[in-house]
Amino acid sequence: MPGDIDRLQSIAVAIVDALQEVVDKHEITQDELHATGDFLDRIGQARMGKSLLDIFFAMTVVDREQQGRPGTRPNLAGPYYRGGAPERRDGSLLERPLSPDASLLTLAGVVTNARTGAPISGAELDFWHADELGGYDHEGFHLRGLVRTDDRGRYVVHTVLPTDYAEHKNDPIGELLVMIGRHTYRAAHIHLKVRVDGEEWLMTQLFRSDSPYLDSDYVRGAVAGDLVVDLKEVEPVDGHAAYESVFDLAIAPPEERAS
Ligand SMILES: [Fe+2]
């Protein structure tokens, strides 16, 4: 479409102009230009172009699209979502025995309509998160699964506490993060999507309030105070530390995004 071509052209011109300014201001040499090109080649060979842009810019887009829209703040999917997770009728996401270091978490809350405040029954919450060592299950569905709200909009999920993880320690994105004085850790989080009648109304991430990386998560803008979940320690279960958290979700249909 002509409009798309015009838009692409104006964005491309703006990017080239912005980079031209950097080249001029910092008196960048030809060797430095070529080293940058080699670096971008490595990002491409590692298929990390999208991740690179997401880390620095995607939350700016998410926040802009959310402006004026009521409800829980959305967040990025990240690279580890897998569709087809099983329904967890008992609320438990565990498919493996607990390791000795694992702590248990029960997360509960109410899902409401962000416009009316009415509870939404039958909403489908699709969870996925890292384990106590910071790893995702890429083969099965351990710490992944679907939970539905009851007739009063309530949900409960039983899982383990995820931990902070360093994702880009040995790749070009990690090199760049270190180069600009950042670390490669994500603050411990739980991903979820919420669907109503099969339609996605929200995708977000909930963060552990005790993570030391809340203020420095390498995904720029990902952590916000209203997505941080407090942990209340309760009686241990079979020798495992146990915690309870409450997080209510207010969601609106996607078509209200522009309102
Ligand atoms: Fe993640």
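Now for a look at the structure at hand. From a predicted model like this one, the values you see are computed outputs, not experimental measurements. (Residues numbered from 1 in each chain as written. Predicted model: local features only at pLDDT ≥ 70, side-chain atom pairs only at ≥ 80, totals over all residues. Heavy atoms only, no water.)

1. Here we look at the packing of aromatic side chains
Okay, step 1: One pass over the full model with this rule turns up six aromatic pairs.
Okay, step 2: Both rings, one in F56 and one in F57, keep their centres 6.3 Å apart while their planes meet at 50 degrees; by these two values the pair is tilted.
Okay, step 3: Look at Y80 and Y136: their rings are 4.7 Å apart centre to centre, the planes differ by 40 degrees, and that puts the pair in the tilted class. Within this pair, whereas Y80 is found in the loop between α3 (49-66) and β1 (104-113), its partner Y136 is found in the loop between β2 (124-129) and β3 (144-148), the two being separated by 56 residues in sequence.
Okay, step 4: Taking relative accessible area as the criterion, Y80 reaches 23% and is therefore assigned partly exposed.
Okay, step 5: On the basis of relative accessible area, Y136 is assigned to the buried category, the value being 10%.
Okay, step 6: A network of ring pairs unites the aromatic residues Y80, Y136 and Y165 as a single cluster.
Okay, step 7: The cationic tip of R82 hangs over the ring face of F141; the distance from NZ or CZ to the ring centre is 4.4 Å.
Okay, step 8: One residue, K193, lies across the ring of Y81, its end atom 3.8 Å from the ring centre. (Phe/Tyr/Trp six-rings, centres within 6.5 Å; stacked < 30°, edge-to-face > 60°. Helix = DSSP H or I, 4+ residues; strand = E, 2+ residues; numbered from the N terminus. Buried < 20%, exposed > 50% of the residue type's maximum accessible area, 1.4 Å probe, protein only. Lys NZ or Arg CZ within 6 Å of the ring centre and 35° of its normal.)

2. Observations regarding empty space enclosed by the protein
Okay, step 1: Going through the model one piece at a time under the given rule, you end up with one cavity of 30 Å³ or more.
Okay, step 2: Roughly 80 Å³ of volume is contained in the largest cavity.
Okay, step 3: No other element matches the three residues that strand β8 (residues 199-208) contributes to the lining of the largest cavity. (1 Å grid on protein atoms, 1.4 Å probe; cavity = no way out; pocket = protein on both sides within 12 Å on 5 of 7 lines; lining within 4 Å. Points joined across faces, edges and corners; volume = space filled by probe spheres on them.)

3. What about the pairing of β8?
Okay, step 1: Within β8, eight of the ten residues are buried, leaving the element largely enclosed by the surrounding structure.
Okay, step 2: Examined bridge by bridge, strand β7 (residues 189-196) and β8 share eight bridges and lie antiparallel to one another. Note on β8: the bridge partner recorded for I190 is L206.
Okay, step 3: Connecting β7 to the antiparallel partner β8 that follows it, the hairpin turn spans two residues, and D197 within it adopts a positive phi of roughly 50 degrees.
Okay, step 4: One ladder, built from two bridges, connects β8 with strand β9 (residues 228-229); its direction is parallel. Paired with F207 across the bridge in β9 is V228. (Pairing = 2+ DSSP bridges.)

No statement about biological role is implied by the geometric values presented.
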